[in-house]
Amino acid sequence: MPTPQQQTSTPAETTARTKLPVRGETVQDRGRNVYFSKGQDLARQDRWDMLAKLIAETDRKRASSLSGVSMAALLADGARSDAVRHARGAVSQGDTEVPGGILALQEIAEEHENAWGVALVVARAQIECAWAYEGQVDPYALPSDPSDGFLERFEEAATLIERATAQAPESAEIAATRCDLLAADPRAMDRVDDLHIASVTTDRDNPGRIRAYGVHLLPRWFGTHERLEETAQKVARDMRHIWADGGYTWMWFDALRLDPLAGEVIDTQRFIAGMHAILTSRPDPVLANLFAAYADGMDPEAAPDDLPAAALETRARIHAALPDLTERHLTELHPQVWARADALPGASHLGPLSSGRIAAATRRAQGAVGMALALTTLPGAVSAAAQL
């Protein structure tokens, strides 16, 4: 809750407080860009053995961003980016043949059959090509009638991951990719919990594993809203020693954004409390910006027109938490976090952002945070958390 001094701030003081410093590129931004570019460069130089060793070492260290993006995944993303770009172009033009870039990667995988990192790169490329046949870049829903191309690419990916699993059974990236394979698994409904629990257990400090689990429990995938809520409560209990009550928030984080109807089921107060718990235990500007961007994106004005009242109220309450999140946790603005805020941790990760996209994200962040901080200086203003 704002102090009396904050409630009586002068216009000049308010203006100064709303102009938080902007970090156009942080150490984390540079790090993710470096890993993506390194993977891309090693693939272009045909240095697959070196790439495989780097993926294995990065995976062993469980290196990831605070929001849950694995550095090993970024290496693999960069390594396959050229082939995937070519494949998407070919598929979008109606070519039913296996794209040449994918065929070339298959040959590389056979030439390096003892390097599980190469198998990981190629399997992920196969999966991305599969989704291209469904007209999707990032997979947000299970296809109702998958094409032959979709199923064939997933079959190739599954073969590669089976081989990689035998070579590196403790790999976090392989465990996560096995979850991705559920999209074409006829037994997915029965296996979703076991595979995601294995992924989370293998990489407990990485919230991306929990976020991916929550998405797969949506009705559009392999679960129901009620099942997701029940599992989120269990994950929160099981991982309290790591995330306090934040495990609940991570489970719902992407799921609620992708499925606004889920707002009828979620415990909104617990979700917001979980954000504060995460930021209290891990006070870092990256996470503070991520949650601020999330709350801003929950603006009820941007909700679907036919959203039920209960779901709309959930969005409104999370959006109303922005001033309190900003006041208590935000010390500087990270535009690149805002620009990538809607990306799923397990989806394909883009390389470095354009200056135009960063500029647009800067304007959005400054506008949203400036308004939020201004609200906290109004006489009689109270934090969103205090109203819950």
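Residues numbered from 1 in each chain as written. Predicted model: local features only at pLDDT ≥ 70, side-chain atom pairs only at ≥ 80, totals over all residues. Heavy atoms only, no water.

*Asks:* Go over the overall build of the protein, please, and point to the residues and values.
*Replies:* Within the protein, the secondary structure is distributed over 21 helices and zero strands. Computed over C-alpha atoms, the radius of gyration of the protein comes to 22 Å, within 12% of the 21 Å expected from 2.2 N^0.38 for 388 residues, which places it in the range of a compact globule. Across its three principal axes, the protein shows a C-alpha extent of roughly 70 × 40 × 40 Å. Counting every position in the protein, which comprises 388 residues, the buried fraction comes to 54%. Contacts in the protein between residues far apart in sequence, at least 24 positions, make up 72% of those at least 6 positions apart. When the accessible area of the protein is evaluated, it comes to approximately 16,900 Å², of which 52% is carbon and sulfur surface. Positive and negative side-chain charges in the protein, numbering 39 and 54 respectively, have mean positions lying 7 Å apart. (Helix = DSSP H or I, 4+ residues; strand = E, 2+ residues; numbered from the N terminus. Rg over C-alpha atoms; globule rule 2.2 N^0.38 Å. Buried < 20%, exposed > 50% of the residue type's maximum accessible area, 1.4 Å probe, protein only. Contact = heavy atoms within 4.5 Å. Areas by Shrake-Rupley, 256 points an atom, 1.4 Å probe, with all protein chains shown as cover. Lys, Arg positive; Asp, Glu negative; His and termini not counted. Charge placed at Lys NZ, Arg CZ, Asp CG, Glu CD.)

*Asks:* Can you lay out the pattern of salt bridges for me, pointing to particular residues and giving the numbers?
*Replies:* Tallied over the full model, the rule gives 23 salt bridges. Here Glu 57 makes a salt bridge to Arg 60, at a shortest N to O gap of 2.6 Å. You can see Glu 57 and its partner Arg 60 sitting in helix H4 (residues 48-61), three residues apart, about one turn around the helix. Its relative accessible area of 31% is what places Glu 57 among the partly exposed residues. Across the pair Asp 59 and Arg 62 runs a salt bridge whose closest N-O atoms are separated by 3.5 Å. On the basis of relative accessible area, Arg 62 is assigned to the partly exposed category, the value being 26%. Members of the salt-bridge network, linked through shared partners, are Asp 77, Arg 80, Arg 88 and Glu 128. (Salt bridge = Lys/Arg side-chain N within 4 Å of Asp/Glu carboxyl O.)

*Asks:* An account of helix H17 (residues 309-320) is needed here, citing residue identities and associated values.
*Replies:* Look at H17: 16 Å from first C-alpha to last across twelve residues, which is about the 16 Å you get at 1.5 Å a residue. Restricting attention to buried positions, one finds in H17 the residues Ala 311, Thr 314, Arg 315 and Ile 318. Viewed along the axis of H17, the buried residues span an arc of 95°, placing them on a single side of the element. The secondary structure elements touched by the buried residues of H17 are helix H14 (246-258), helix H15 (268-281), helix H16 (285-297) and helix H18 (322-329). (Expected span 1.5 Å × (residues − 1). Arc of directions from axis to C-beta.)

*Asks:* Explain the packing of aromatic side chains to me, and be specific about the residues and the numbers.
*Replies:* Aromatic rings in a pair are described by how distant their centres are and how their planes are angled relative to each other. On inspection of all chains with the given rule, the structure shows eleven aromatic pairs. Relative to Phe 150, the ring of Trp 131 lies with its centre 5.1 Å away and its plane at 80°, an arrangement referred to as edge-to-face. A residue pair is termed long-range when its members are at least 10 positions apart, and Trp 131 in helix H7 (residues 116-133) and Phe 150 in helix H8 (residues 148-167) qualify at 19 residues. The residues Trp 131 and Phe 150 share a single accessibility class, namely buried. Aromatic side chains Trp 243 and Trp 250 sit 5.7 Å apart centroid to centroid with 75° between the ring planes, which places their arrangement in the edge-to-face category. (Phe/Tyr/Trp six-rings, centres within 6.5 Å; stacked < 30°, edge-to-face > 60°.)

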